[in-house]
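Tertiary structure, described
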Amino acid sequence: MKQLLLLKHVLIQRLRRKGVFVATDGRAISKLTIEEIQREYERAEGERNELVKSNT
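Now for a look at the structure at hand.

Criteria and thresholds
Residues numbered from 1 in each chain as written. Predicted model: local features only at pLDDT ≥ 70, side-chain atom pairs only at ≥ 80, totals over all residues. Heavy atoms only, no water. Helix = DSSP H or I, 4+ residues; strand = E, 2+ residues; numbered from the N terminus. Buried < 20%, exposed > 50% of the residue type's maximum accessible area, 1.4 Å probe, protein only. Contact = heavy atoms within 4.5 Å. Areas by Shrake-Rupley, 256 points an atom, 1.4 Å probe, with all protein chains shown as cover. Polar contact = N/O pair within 3.5 Å; in protein donor to acceptor, adjacent residues only side chain to side chain. Core = buried A, V, L, I, M, F, W, Y, C linked by side-chain atoms within 4.5 Å.

With that settled, the discussion passes to the overall build of the protein. The helix and strand inventory of the protein stands at two helices and zero strands. Classification of the 56 residues of the protein by burial places 25% in the buried group. Partitioning the intrachain contacts of the protein with sequence separation of at least 6 by distance along the chain shows that 44% fall at a separation of at least 24. Looking at the protein as shown, the accessible area adds up to about 4400 Å², and 55% of this sits on carbon and sulfur atoms.

Below you can see the structure in the form of structure tokens.
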């Protein structure tokens, strides 16, 4: 259980560093489940990768 809370905290911090404070549906990141946070993180990473590809 502690590991899941730590994972949730780390993912939230990484999203906040990327400027993501709310989910795509408008809810606060801190109110999401771990699965929803992981999806938001993957979405944010995917957008970053698309930006890198479009710049080359």
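Having seen it, we continue.
Turning to the side chain of Glu-36, a few remarks are in order. Structurally, Glu-36 can be placed in helix α2 (residues 34–55). On the accessibility criterion, Glu-36 (19% relative accessible area) is buried. One polar contact links Glu-36 to Arg-27, side chain to side chain, over a distance of 2.8 Å.

This brings us to the nonpolar core. Within the largest apolar cluster, eleven residues are counted, these being Leu-11, Ile-12, Leu-15, Val-20, Ala-23, Ile-29, Leu-32, Ile-34, Ile-37, Tyr-41 and Ala-44. Of all elements in the fold, only α1 (2–17) and α2 reach the threshold of two or more residues within this core. The element that contributes the greatest number of residues to this core is α2, accounting for four residues. In contact with Ile-37, not counting residues within four places along its chain, are Lys-8, Leu-11, Ile-12, Leu-15, Ile-29 and Leu-32.

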